Amino acid sequence: DDIFEELHIGSSDPGLFDAGTYTLCSAPICSSQNYNIFSTTPVTNDADIANAFDESTIFEVPLKSGAQFLSNTKSVVYVDGYNFRNPPLFNSPVDPTQRDALYETDAILRQYVEHPNTAPFIATKLINLLITSNPSPLYVQTVSESFTTGTYSKGGQTFGTGEYGDMSATIAAIMLDREARSTTLDDDANHGRAREPLLKIMHILRSMNLSTKSGFIREVDMINLIERGIGQESFYAPSVFGFFLAEYQPVGPVLNKGLVAPEAQLFDAPKLISFLNGAFSLPRYGLSDCMWWQGFGNENARYWITDTPDSGSYDCNISETQTEVPLTLRYKPPSWGGDTNVNNAPTSSIINDIDLLLTGGRLHASNRAIMEQVYDDAHTGSNPDKKALTAVMQLYSALPEFQITNRLLNSKSTTAYRDIPDVQVPPSPPPVEGYKAVVYLFLAGAMDSYSALVPDASCYLHNQYLNVRGDVAITSGVRPISAVGSNQPCNSFGLHPSLANIHQLYTDGDASYIANIGPMIVPMDKFDFESQSKPQPTALFAHNTQTQLTQAVFADSSAGGVLGRMGDALNSQEAEDVFSAYSISGTPKVLEGAPGVSKPADVLSGSGVASFNAGVSPYESQIEDMTKTIASSIHGETYSNAMTNTIYRMRLLDGVVGELTLENDGCFNALDTDIASQFQQTARLIKSRDGLEAKRDVFYTQHGGYDTHSDNGATLTERLKEVDDAVGCFVTEMKAQGIWNNVTIVSASEFGRTLTSNGLGTDHAWGANHWVAGGDVKGGQIHGQFPDDLTDNGILNIGRGRLIPTTPWEGLWNSLSEWMGVTGENIASVLPLIGNFPSNIFTASDMFDSGPTSSSLFE
């Protein structure tokens with residue numbers, strides 16, 4: 001380790017030099033090291049060891065993939081009292097070659113592959129995906145060592161070739177370890193994992209024998225999964241980290257124990273409902289688009305001959321007793337003894353057969369009884385065996401045990417049930433007084449905010465801006481705004497050409513900007529950052545971590561989200577449930593509150609309130625019965641609670657919101673974008689505030705595609721225009737409802753982007769510029785501090801135009817908390833770090849015409 005700490009310049013193999021040039025040090029002190037020392041002066045005893053070391057000495061260090069040779073030299077650059085290590089350069093700056101570029105690429109890949117964190121990282125990820133979300137350190141160590149050594153031995157058998165990174169040894173270590181195979185651990189509430197939707201679909205298709213009647217092999221085309229909304233649609237991952245985050249902690253037993261359940265991020269209402277709508281179609285209609293076009297197949301799957309419409313196809317509307325879809329589930333329980341139940345096998349034996357294949361014998365007694373009852377109830381009329389089997393296979397996809405890999409209740413658990421509230425929709429609800437709402441617009445991927453807010457040509461910063469930004473600078477079409485009275489380095493700025501509606505709101509006094517805002521722990525400048533004398537946010541410039549911190553507004557993202565904590569504070573101080581949270585895009589951190597203090601956020605889609613189709617609806621009561629048992633499994637309880645809440649809120653929201661129309665539906669529909677649909681559904685919920693008895697609402701919307709490393713021009717223009725158009729429709733609708741003064745929109749992103757160009761786009765940075773808009777907003781101002789020096793010499797510039805924020809997120813959220821009605825003594829519970837910032841903390845009086853809201857408005 002000391003050698004790698006000190007030596008950073010490679011060397012040629014000493015054996016490549018003329019014979020006798022280098023000699024291996026054979027002194028006892030050399031022989032006792034785990035590396036070899038080659039010198040131009042022969043050294044055979046410890047007394048002469050000093051002769052082995054000079055600038056020509058070469059160290060041979062054994063690595064996993066072979067030896068590495070290092071030169072006993074350093075190269076240091078000194079400039080004006082500063083110094084830094086001069087990194088080795090593979091390619092000549094005068095005569096670069098493709099060969100040297102390939103050598104450099106190979107060297108960096110080798111560095112990544114052989115990094116000491118690589119083996120445990122790969123081991124952890126594979127264990128998470130194959131066995132358990134929360135493996136023990138010993139399990140990770142065992143798999144890491146097998147990856148590193150390339151061998152694994154178990155029961156007298158050895159796996160692997162002995163080469164670093166051997167996957168046969170790695171997989172054997174994962175699958176044969178006692179943490180993977182011990183049935184005792186099935187009883188461990190924390191063991192196992194939740195299962196992602198695509199894995200569950202493939203499990204059904206394989207275990208329930210998806211096949212043709214003739215046995216002819218036919219391609220399984222699942223292209224329709226892209227449109228089904230199960231959360232794992234091809235090419236539609238919400239981030240570069242995939243469909244779910246490795247560090248995801250759902251509120252409930254997982255978060256309470258400090259554990260993770262990545263796949264549970266897909267347990268939101270639209271995805272749960274979409275999965276069941278599709279899964280229930282499989283036993284009846286196979287892999288087709290039947291079941292009201294919510295199946296997992298497509299129209300072509302109904303052709304008797306693939307891709308040949310003239311051959312005829314299955315008609316979804318004819319009786320299911322006639323012809324079958326070509327690819328359908330053809331499973332028959334072994335206890336039947338044939339294509340029908342010729343053995344007159346009891347229902348318990350049939351359920352045992354299915355339990356073995358789909359839940360590994362883990363079906364709990366209470367849910368087994370439900371399954372047996374469903375089988376018996378459906379076993380009537382013509383073809384009763386098929387009807388009964390179809391019913392059980394359909395309902396099985398909703399079982400909590402099918403969603404997890406450990407036991408739902410362990411052997412020591414006593415059965416307890418959660419309360420399922422009745423849905424009561426008031427026919428003529430009284431109007432809600434003093435209503436307020438915050439709409440949180442998250443621009444995922446890190447929006448280039450220094451293209452959104454640009455110094456005007458009349459300001460000295462404009463030339464700095466052009467010089468620093470280069471080819472990514474916005475040079476024409478900017479929309480001018482005044483910053484007079486905002487105490488900024490420029491009296492005039494410009495907004496991106498795409499932000500026509502935001503510009504109009506700013507001009508009308510309904511929108512303001514907050515300059516250079518971002519996640520912080522304490523105030524700092526460049527010198528504090530470089531000296532590391534003050535605490536910094538964890539994993540700066542990392543999408544996943546900074547998304548969590550931006551939405552948590554706290555150094556520790558395990559503390560929930562800022563809007564969730566705001567809701568907790570409001571409910572606690574008012575001693576009643578006055579707060580509701582809605583996400584129109586997944587399960588964001590920002591809405592997470594404390595369990596039991598505020599109800600969980602409702603998750604909708606851009607299409608509105610998700611609901612079961614006619615195939616699932618008849619089984620709603622059975623699904624409720626299966627999920628009302630309080631599970632000991634952290635994964636089972638997370639699913640069961642999510643499904644119970646999904647059904648209750650689906651009924652309530654559907655009863656209140658239903659087919660409600662908006663004055664401005666035509667505007668949203670004409671845009672036909674995802675973000676427009678999200679704002680449309682937000683507007684529908686706001687219009688339903690009386691029926692939902694809402695006093696304080698918060699809404700989460702998300703627009704992605706801002707990670708513009710390779711295209712900062714056209715992409716940003718397109719994305720900002722989509723957002724701006726959607727906001728324009730939303731504002732018009734809010735004014736039509738007469739509620740615009742009670743609604744505030746807040747834009748945010750995980751971090752800003754570099755001022756400098758990488759040649760094609762921009763990279764990850766820190767501070768960014770964002771806006772707030774609403775009828776009560778004191779508009780036409782820029783709050784905070786826009787940087788007064790954009791050059792490398794700037795006190796905030798930590799390199800490449802990465803600017804340290806001058807305003808923490810606490811600064812904005814303090815004003816919003818006060819506006820929503822959080823009282824002074826409760827602000828610290830919403831913003832735990834607010835005491836760290838003596839300035840740039842805005843009050844409701846700074847940001848809003850009406851100032852802070854008193855709790856009396858709830859009365």
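Heads up: the structure comes first, above all this text.
Residues numbered from 1 in each chain as written. Predicted model: local features only at pLDDT ≥ 70, side-chain atom pairs only at ≥ 80, totals over all residues. Heavy atoms only, no water.

(A) Representation of the sheet that holds strand S12 (residues 453–455). Pairing in this open sheet of three strands is antiparallel, and the strands run S12-S14-S13 from one edge to the other. Only two strands of the sheet have a single partner each, and these edge strands are S12 and strand S13 (479–482). Here the strands of the sheet are splayed against their neighbours by 40 degrees on average, with no regard to which way each runs. Pairing of S13 with strand S14 (residues 492–495), which is carried by four bridges, proceeds in the antiparallel orientation. (Pairing = 2+ DSSP bridges. Helix = DSSP H or I, 4+ residues; strand = E, 2+ residues; numbered from the N terminus. Axes fitted to C-alpha atoms, helices over the stretch in contact; angles between N-to-C directions.)

(B) Structural view of the state of the cysteines. On inspection of all chains with the given rule, the structure shows three disulfides. Here Cys-25 is linked by a disulfide to Cys-30, with a sulfur-sulfur distance of 2.1 Å. Note on the Cys-25 and Cys-30 pair: the S-S dihedral is about 75 degrees, so by sign convention the disulfide is right-handed. Comparing Cys-25 with Cys-30 shows no difference in burial state: the two are buried. One disulfide bridge connects Cys-667 with Cys-729, the sulfur atoms lying 1.9 Å from each other. One disulfide, between Cys-667 and Cys-729, carries an S-S torsion of -70 degrees and so falls in the left-handed class. Taken together, the residues span a long stretch of sequence, with Cys-667 in helix H23 (residues 665–671) and Cys-729 in helix H25 (residues 714–737) at a distance of 62 residues. Residue classification places Cys-667 among the partly exposed positions, given a relative accessible area of 29%. (Disulfide = S-S within 2.5 Å. Buried < 20%, exposed > 50% of the residue type's maximum accessible area, 1.4 Å probe, protein only.)

(C) Representation of the pattern of salt bridges. If you walk through the whole model with that rule in mind, you get 22 salt bridges. The partner of Asp-187 in a salt bridge is Arg-407, and the shortest N-O contact between them spans 3.8 Å. Of this pair, Asp-187 sits in the loop between helix H7 (178–181) and helix H8 (197–207) while Arg-407 is found in the loop between helix H15 (384–396) and strand S11 (436–443), placing the two residues 220 residues apart along the sequence. Owing to a relative accessible area of 31%, Arg-407 belongs among the partly exposed residues under this scheme. A salt bridge links Asp-355 to Arg-368, with the shortest nitrogen-to-oxygen separation between them at 3.1 Å. One end of the pair, Asp-355, is in helix H13 (residues 347–359); the other, Arg-368, is in helix H14 (residues 365–378), and 13 residues separate them in sequence. Linked by salt bridges that have partners in common, Arg-193, Glu-196 and Glu-263 make up one network. (Salt bridge = Lys/Arg side-chain N within 4 Å of Asp/Glu carboxyl O.)

(D) Broad picture of the sheet that holds strand S1 (residues 23–24). The four strands lie next to each other as S1-S2-S3-S4, forming an open sheet whose pairing is antiparallel. What marks the edges here is a single partner per strand, and that holds for S1 and strand S4 (66–71). The pairing of strand S3 (residues 58–63) with S4 spans six bridges and is classified as antiparallel. Paired with Phe-59 across the two strands is Leu-70, which belongs to S4.

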